[in-house]
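# Chains, contacts and geometry: an overview
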2 protein chains.
Amino acid sequence: MLCCCFLWQVAAAEEIKSPNGKLTLAFVLQNDGVPTYRLTYKGREVIKTSKLGLELKNAAALTSGFAVAESKQRTFDESWTPVWGEVKTIRNHYNELAVTLTQASTSRTIRVRFRVFDDGLGFRYEFPRQPKLDYFTIKEERTQFALAGDHKAFWLPGDYDTQEYSTVTSKLSEVRGQMKAAVTGNASQTTFSPTGVQTPLMLKSQDGLYINIHEAALIDYSCMHLELDDKNFVLESHLTPDAVGDKGLIQTPAQSPWRTVIVSDRAGDILESKLVLNLNEPTKFKDTSWIKPVKYVGVWWEMITGKSTWSYTNMDNIKLDSVDYKTVKPNGTHGANTAHVKEYIDFAALHGFDAVLVEGWNTGWEDWFGKHKDYVFDFVTPYPDFNVPELQQYAASKNVKMMMHHETSGSVRNYERHLDSAFQFMNKYGYNAVKTGYVGDIVPLGHHHYDQWVNNHYQYVLEKAAEHKIMVNGHEAVRPTGLARTYPNLIGNEAARGTEYESFGGNNADHTTILPFTRLIGGPMDYTPGIFQTKVSALNPSNTSFVHSTLARQLALYVTMYSPLQMAADLPEHYNQHLDAFQFIKDVAVDWDATRVLEAEPGDYITIARKAKGKSSWFIGSTCDENGRTSNIKLDFLDPGKKYVATIYADAKDAHYEKNPQAYAIRKVNVTRKSKLAQYCAPGGGYAISVTEAAR
Amino acid sequence: MLCCCFLWQVAAAEEIKSPNGKLTLAFVLQNDGVPTYRLTYKGREVIKTSKLGLELKNAAALTSGFAVAESKQRTFDESWTPVWGEVKTIRNHYNELAVTLTQASTSRTIRVRFRVFDDGLGFRYEFPRQPKLDYFTIKEERTQFALAGDHKAFWLPGDYDTQEYSTVTSKLSEVRGQMKAAVTGNASQTTFSPTGVQTPLMLKSQDGLYINIHEAALIDYSCMHLELDDKNFVLESHLTPDAVGDKGLIQTPAQSPWRTVIVSDRAGDILESKLVLNLNEPTKFKDTSWIKPVKYVGVWWEMITGKSTWSYTNMDNIKLDSVDYKTVKPNGTHGANTAHVKEYIDFAALHGFDAVLVEGWNTGWEDWFGKHKDYVFDFVTPYPDFNVPELQQYAASKNVKMMMHHETSGSVRNYERHLDSAFQFMNKYGYNAVKTGYVGDIVPLGHHHYDQWVNNHYQYVLEKAAEHKIMVNGHEAVRPTGLARTYPNLIGNEAARGTEYESFGGNNADHTTILPFTRLIGGPMDYTPGIFQTKVSALNPSNTSFVHSTLARQLALYVTMYSPLQMAADLPEHYNQHLDAFQFIKDVAVDWDATRVLEAEPGDYITIARKAKGKSSWFIGSTCDENGRTSNIKLDFLDPGKKYVATIYADAKDAHYEKNPQAYAIRKVNVTRKSKLAQYCAPGGGYAISVTEAAR
């Protein structure tokens, strides 16, 4: 990995184009030796001339005084097969420019590697092994994204600890004014700036360009936020600091994550982009047969709504090892009890679900949050009313998997201390997937959910899990950056406001028309859709929240919110009241051979069709905002010559996400690839369609 | 553990005495509800009226506004048998006063528990479980030790990360003026105040009272330093902060460590005190048969002096998993190679040593220090020239144990991640003891070697080691506080300037006349004595350091520096040059039935006699300062009616620690309990005597 530095000036400016020629990336070294880049799409400016570089702690900055030592171009084209995904095969096709820059005054060399795909740009910093740059500490990364105008932005407040905010839709110039209201309360939050925002950041220019800025392959680095210069509309990287304010301890050879700019004049292209995945490394896992998409139910929503409790007693202030749970009085509201879990297992088995998640099964839930408690859970000790071997046997007898839950309360050292025994426990009792949680401040204090040290923790858990053939669904962890290509056991993440917030005051009605353009650009989300009883008060009279969605739209989310891990989050009794609609959740695939975005406009609507893995059936989902609309789609993706039956689960005419959410209608129609559909979507509504080959 | 709060005013002042009546502890609640205490010894003030209490973060202080809710007295008297120690049986005899204090304005209760022994005072804060004090964060502990005058002090600069300083001997009023010069360079240091000093702090009043201030049973708390008010001679507790400045996260029920004041008008009583051990809990280990005192040699001093290297190659900037050591060029100076280690094993076997320590056996030593590297060692991968199974077999065939070395470079998370596999590796290959190291800053940065979070790490390692039946010798960890009573597998610690500093410029000639009064009050030190070739240049011509001790004094340290773990630190070839003197190291015991301090004055001299465990032989050691002296001792501790042969290893008349350190004379004399001895000690010298029963 030693860098060869040919110290003649190769070029001060160089351009490469995307394979289809629509994108042009220009690298320009300014006269003061400041590296810059510029990106255009069909001749329109996407990123204006923007500076590159990093400031270091106790060392000269890597921002200027560079000369180009070498530049190399190459073309790459391959297709690869994901272990699970939205499509069967992914093409990874780009033109690459790698510019090696030498800073003569310090004898240091860095490299900027650009990859231009048809759907956008990725670039990263590379730090070759070299005598004058062996170890360094990042003070700040100074990567600019100079935008061409005051774009419409779909943004979250910048935060070192959470992405669980409602998306604000505003012009960039309005971010500052709306920031204060955008920062709503959270279990752990650390905002840092009046104009700082998170990635993936979705933008739309006034002339109709869709632009998405994010990062790919975030490993051993701090998570990037974007600081907005709202006069010039320049975004600049802002890394998450650690407990002493450092933003990254680097040992060469090393590289930054890829900084990504996806761009198109068609919104659907953003959703179909595989750029972030392509910028991650192929998996090194030799055996991936243990990684399987999962459709699951779970003992969860009943606690989220307050109908039952995670805890087994009503004690407070407990020390884990000093409590004898067998002698204390149960509270009678504990959800994760053996008999009740068996009901879920029965339900899962009856309806063909793969797994049952159970939260609150392990001791400690009486006193787990907000106290910065170190030894908060041990991850192996069940409450007295949760019989692990009995449930293992019962579930296995019904061909259902139990899904593990590891809430860490942010106490990362404690989790690591128990990780081996926790995973051994899972292996012993047949659990093959774990939902992890990091609610609250990171312990030890001073660290943030998104800093390098904590990112390394998530990575450690992921790799340890793989050793144990365990799939991971990380909640409150850093938002994904396509790592699932390399570590396909990362089958889900949260890292946004999920369905749980429908019980905490509600998500905006347009939330699911935005998330696929923002959070999902990095990877699948365990959104936990499928709430049929949208009034939370039906479960807990004191909770006046309601789900900001019609029932029909809840079905659509299984298609529009891509994930290999899909929960039917509501209670069995609610599904039993609507078994006709529930049929869609039973039928819908969780792994796909093909995906077509039929309609899309961030903040307004998304309609997606997907072809089930290894099957001829298609599933279509459509979600819209609070205004409602009529969706017009063509079924021209269907196979020629074949006849299909479409079962359409749609909002009734009088449906409304708030006033009449459960009004839906189901109809069957015969369709072919020539069929068109005009389908009404209620305010906060949508529809779902399953399309199966007609019996011959 | 619920506290019963009887809210009447029981007493505003109360006194208890030591069992022998010489010490009096007075507790007085001042008019403003400030709790105070006072300690006298034979009517002389040891601690003048001193305040007690703590300041909390974001909560009212626990320093005033208290009323006495309850006070209880009791007497305790037991004798217990240590797993290893200086004496066969330890008497734990004290009178106790427990004062429960209620702060009416906040409805909070704390308890101060005092124990007065014949040799001093211990007291601690107890925080009962209660609704208004469940979790809290310590801003600072405000425990005062108001001294009666401008005592002579034997002090180290206060530091959150190291005790590896030369002791300064000065009046308290002179601390401020000498602080700057006292702070010498170190691998990781964080000084905090112009008058802050460390514990154990040894003091001597002008009227001849010897006072030692330290703490006992430091568990789940931050290490205490002492901040000196050098006008009033009041010391006040100063706790080690964590990365965000917090000084302790506490969940009730909880208690502070014991704050200890050992006092006597005879210096030897300080050395003989078992107060710190007595304030620790009895061990809960059911089986202690695997814990055995150890006399060992090792591949160590040759690297310390620069004669050989820890590293196998001369590479720099390596990433542990990317180096293929089998293909890189060895540097030819690697100490821990199989052939060389076998020489040590042969030497150990020939001379009856229990074990051979080998440092630098594992990969990573090319690039391990000062870079805040996270993944710095894996603790299981040997260098290619270190054959673990072959050495295991070879050592076992000679009845010698291999001793493990785990340098962590302060990267505590990395060590914890590898701890299970490292201990399994030790179990597999027959290692039963580990020397741990924490050289450099704690990673993650912001933490300190002595803060609560890192103290919990040492405790975790100790307890994990016990699960694997492994003994621990912790270097650069927090100084001991008698925990070895509870965890007797803690057979050693460093936490002071050891012999290694003789190669880094040298220790003061009086160093070993002070350490037993300071550092050793908390527990045994792996001082690694026994250097016969005191000129380091003999090993490494470029190193002009020399050992500030005569050869005879090196022998004495095996007696004066109590430890169940004793190294013969020099190279076999140097011992082979002085096999007559080496005989003492071979003979000296490492576990004892009785101990008598025959002479002692901190900073001047110490002479101690100890009776070997289960045997009739005694060993005597004497160390003195740079002035030399004649030691006068009586052998009246010997059994009546028995005849003994004393082999005296003494400085020759012209010996001198710098000018003529290797001049010694060995003589045998017949002695009985009526014998007296006047023995010359050279400057920086001393003597060692083995006393064995004469053949009948």
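Bear in mind that the values here come from a model prediction, so they are computed numbers and not experimental data.

## Regarding the overall build of chain A
On a plain count of helices and strands, chain A comes out with twelve helices and 36 strands. At 25 Å, chain A has a C-alpha radius of gyration in line with the 26 Å of a compact globule built from 696 residues. Counting over 696 residues, chain A shows a buried share of 67%. If you take every contact in chain A between residues at least 6 apart in sequence, the share linking residues at least 24 apart comes to 71%. On chain A, roughly 23,700 Å² of surface is accessible, and the fraction owed to carbon and sulfur atoms is 48%. Taking the 74 positively charged and 79 negatively charged side chains of chain A as two groups, their mean positions are separated by 5 Å.

## What about the interface of chain B and chain A?
Facing 32 residues of chain B, the contacting portion of chain A comprises 32 residues. Taken over both partners, the interface formed by chain B and chain A buries close to 2,900 Å², and the fraction arising from carbon and sulfur atoms is 48%. A per-residue breakdown of the area chain B buries against chain A is headed by Tyr135(B), Asn317(B) and Arg417(B), which together make up 22% of the total. At the junction of chain B and chain A, the tally comes to six salt bridges.

## Observations regarding the state of the cysteines
Enumeration over the complete set of coordinates arrives at zero disulfides over all chains. The thiol of Cys624(A) is not disulfide-bonded; the next cysteine sulfur, from Cys681(A), is found 4.8 Å away.

## Some words on the relation of the copies chain B and chain A
Between chain B and chain A, the superposition needs a rotation of 180° and an axial shift of 0.0 Å, giving an RMSD of 0.0 Å. On the angle and the small slide along the axis, the relation comes out as a two-fold axis. When C-alpha distances to the rotation axis are compared across chain B, the minimum falls at Ala243(B), with a value of 3.1 Å. Both copies contact each other with a shared surface, as 100% of the interface residues of chain B are interface residues in chain A too.

## Comments concerning the environment of Met567(A)
Residue and element names in this part refer to chain A. Within the fold, methionine 567 resides in strand S28 (residues 565-567). Residue classification places methionine 567 among the buried residues on the basis of a relative accessible area of 0%. Methionine 567 has contacts with Tyr296, Val297, Gly298, Trp300, Leu357, Thr528, Pro529 and Tyr558, leaving out every residue within four places of it along the chain.

## Looking at the confidence of the model for chain A
Averaged over every residue, the pLDDT of chain A is 97; the share at 70 or more is 98%. In this model residues 1-11 of chain A is a low-confidence stretch, pLDDT under 50, and it forms 25 contacts with partners more than four residues away in sequence or in other chains.

## Points about unusual backbone geometry
Residue and element names in this part refer to chain A. Omega for the bond connecting threonine 252 with proline 253 falls within 30 degrees of zero, at 0°, which places this linkage in the cis form. Inspection of the secondary structure puts proline 253 in the loop between strand S19 (249-251) and strand S20 (254-255). Cis geometry is adopted by the peptide bond preceding proline 444, which originates at valine 443 and carries an omega value of 10°. Tracing the sequence through the fold places proline 444 in the loop between strand S25 (433-437) and helix H8 (452-467).

## Here's the deal with the nonpolar core
Counting 366 residues, the largest nonpolar core has Phe114(A), Phe145(A), Phe386(A), Phe114(B), Phe145(B) and Phe386(B) as its most contacted members. Sequence-distant contacts of Phe145(A), that is, excluding residues within four places in its chain, are made with Tyr37(A), Ile47(A), Ser50(A), Phe123(A), Ile213(A), Met224(A), Leu226(A), Phe233(A), Val234(A), Leu235(A), Arg259(A) and Val261(A).

## Describing the packing of aromatic side chains
Residue and element names in this part refer to chain B. Counting across every chain of the model gives 79 aromatic pairs over all chains. Seen from their ring centres, tyrosine 160 and phenylalanine 192 are 4.9 Å apart, and the 5° between their planes marks the pair as stacked. Of this pair, tyrosine 160 sits in the loop between strand S12 (152-155) and strand S13 (168-171) while phenylalanine 192 sits in the loop between helix H1 (175-182) and strand S14 (196-197); the two residues are 32 residues apart in sequence, bridging distant segments of the chain. For the pair formed by tyrosine 160 and phenylalanine 192, the shared burial category is buried. The side chain of arginine 485 reaches across the aromatic face of tryptophan 80, ending 3.9 Å from its centre. Of note, arginine 629 hangs over the ring of tyrosine 605, and the distance from its end group to the ring centre comes to 3.6 Å.

## Some points on the domain arrangement of chain A
Residues and elements named next belong to chain A. Each assigned domain of chain A is listed with its residue range as follows: domain 1 (2-278) and domain 2 (296-495). One C-alpha centre belongs to domain 1, the other to domain 2, and the line joining them spans 35 Å. Facing the 38 residues of domain 1 at the interface are 31 residues of domain 2. Each partner contributes to the roughly 2,500 Å² buried at the junction of domain 1 and domain 2, and carbon and sulfur atoms together form 54% of this total.

## Some remarks on the UniProt feature "domain: Glycosyl-hydrolase 97 N-terminal" (unreviewed entry) in chain A
Residues given the UniProt feature "domain: Glycosyl-hydrolase 97 N-terminal" (unreviewed entry) here are residues 16-282 of chain A. Secondary structure across residues 16-282 of chain A comprises 7% helix and 49% strand; the distance between its end C-alpha atoms is 25 Å.

## With respect to the packing of helix H5 (residues 338-351) of chain B against helix H6 (residues 388-397) of chain B
Residues and elements named next belong to chain B. Where H5 meets H6, the closest approach of the two axes is 10 Å, and the angle between their N-to-C directions is 15°. Considering their axes alone, H5 and H6 lie roughly parallel with respect to each other. When the axes of H5 and H6 are compared, the crossing they make is right-handed. Of the residues in H6, those touching H5 at Thr338, Val341, Lys342, Ile345 and Asp346 are Glu390, Leu391, Tyr394 and Ala395. In the contact of H5 with H6, the residues fall into five nonpolar, one polar and three charged.

## Re the sheet that holds S28(A)
All names here are of chain A. Across the sheet, which stays open at both edges, the seven strands sit in the order S27-S26-S25-S24-S23-S22-S28 with parallel pairing between neighbours. Pairing within the sheet leaves two strands with one partner each, and these edge strands are strand S27 (490-493) and S28. Across the sheet, the mean angle from the axis of one strand to that of its neighbour is 25°, orientation sign disregarded.

## With respect to the UniProt feature "domain: Glycosyl-hydrolase 97 C-terminal oligomerisation" (unreviewed entry) in chain A
This chain's UniProt record puts "domain: Glycosyl-hydrolase 97 C-terminal oligomerisation" (unreviewed entry) on residues 591-691 of chain A. For residues 591-691 of chain A, the helix share is 0%, the strand share is 58%, and the end-to-end C-alpha distance is 15 Å.

## Remarks on the pattern of salt bridges
Working definition: two side chains of opposite charge can pair if their charged atoms are close together. One pass over the full model with this rule turns up 80 salt bridges over all chains. Salt-bridge contacts for Lys274(A) lead to Glu86(A); the nearest nitrogen and oxygen are separated by 3.4 Å. Within this pair, whereas Lys274(A) is found in the loop between helix H2 (267-272) and helix H3 (275-278), its partner Glu86(A) is found in the loop between strand S6 (66-80) and strand S7 (90-103), the two being separated by 188 residues in sequence. Glu86(A) shares its class with Lys274(A); the two are buried. Across the pair Glu70(B) and Lys72(B) runs a salt bridge whose closest N-O atoms are separated by 4.0 Å. With relative accessibility at 19%, the residue Glu70(B) sits in the buried group.

## Side note on the sheet that holds strand S5 (residues 54-56) of chain B
Residue and element names in this part refer to chain B. Spatially, S5-S10-S19 is the arrangement adopted by the three strands of the open sheet, whose pairing is antiparallel. Two strands lie at the open edges of the sheet, namely S5 and strand S19 (249-251), each paired on one side alone. Within this sheet the neighbouring strands show an average axis-to-axis angle of 50°, counted without direction. When strand S10 (residues 135-141) meets S19, the two strands line up antiparallel, connected through three bridges. Paired with phenylalanine 136 across the bridge in S19 is isoleucine 250.

## Brief notes about the side chain of Glu215(A)
Residues and elements named next belong to chain A. The topology assignment puts glutamate 215 in strand S16 (residues 210-216). Among the polar contacts listed, one links the side chain of glutamate 215 to the side chain of arginine 259, at a separation of 3.0 Å. Within the structure, glutamate 215 has its side chain in polar contact with the side chain of arginine 479 (distance 2.6 Å). Ignoring any residue separated from it by four or fewer positions in sequence, one finds glutamate 215 in contact with Thr199, Cys223, Met224, Pro257, Trp258, Arg259, Thr260, Val276, Arg479 and Thr481.

## A closer look at the side chain of Ser256(B)
Residues and elements named next belong to chain B. Position of serine 256 among the secondary structure elements: in the loop between strand S20 (254-255) and strand S21 (258-264). Residue class for serine 256 comes out buried when judged on its relative accessible area of 3%. Not counting residues up to four positions away in its chain, the partners in contact with serine 256 are Arg124, Tyr125, Phe127 and Tyr221.

## Looking at H1(B)
Residue and element names in this part refer to chain B. Those residues of H1 that sit buried are Val175, Met179 and Ala182. Here the buried residues of H1 occupy an arc of 75° about the axis, which is enough to place them on one side. Counted as exposed and oriented over 90 degrees from the buried face of H1: Gly177, Lys180 and Ala181. Packed against the buried residues of H1 are S12, S13, S14 and strand S17 (224-229).

Reading the values: the criteria
- Residues numbered from 1 in each chain as written.
- Chains lettered and ligands numbered in written order.
- Predicted model: local features only at pLDDT ≥ 70, side-chain atom pairs only at ≥ 80, totals over all residues.
- Heavy atoms only, no water.
- Helix = DSSP H or I, 4+ residues; strand = E, 2+ residues; numbered from the N terminus.
- Rg over C-alpha atoms; globule rule 2.2 N^0.38 Å.
- Buried < 20%, exposed > 50% of the residue type's maximum accessible area, 1.4 Å probe, protein only.
- Contact = heavy atoms within 4.5 Å.
- Areas by Shrake-Rupley, 256 points an atom, 1.4 Å probe, with all protein chains shown as cover.
- Lys, Arg positive; Asp, Glu negative; His and termini not counted.
- Charge placed at Lys NZ, Arg CZ, Asp CG, Glu CD.
- Buried area = accessible area lost by both parts, 1.4 Å probe.
- Salt bridge = Lys/Arg side-chain N within 4 Å of Asp/Glu carboxyl O.
- Disulfide = S-S within 2.5 Å.
- Least-squares fit on C-alpha atoms with pLDDT ≥ 70 in both.
- pLDDT = per-residue confidence, 0-100.
- Core = buried A, V, L, I, M, F, W, Y, C linked by side-chain atoms within 4.5 Å.
- Phe/Tyr/Trp six-rings, centres within 6.5 Å; stacked < 30°, edge-to-face > 60°.
- Lys NZ or Arg CZ within 6 Å of the ring centre and 35° of its normal.
- Domains from an automatic or database assignment.
- UniProt positions renumbered as here; feature names shortened; annotations may be inferred.
- Axes fitted to C-alpha atoms, helices over the stretch in contact; angles between N-to-C directions.
- Parallel < 35°, antiparallel > 145°, perpendicular 65-115°, else oblique.
- Left-handed = near helix turned anticlockwise from the far one by under 90°.
- Nonpolar A, V, L, I, M, F, W, Y, C, P; charged D, E, K, R; others polar.
- Pairing = 2+ DSSP bridges.
- Polar contact = N/O pair within 3.5 Å; in protein donor to acceptor, adjacent residues only side chain to side chain.
- Arc of directions from axis to C-beta.

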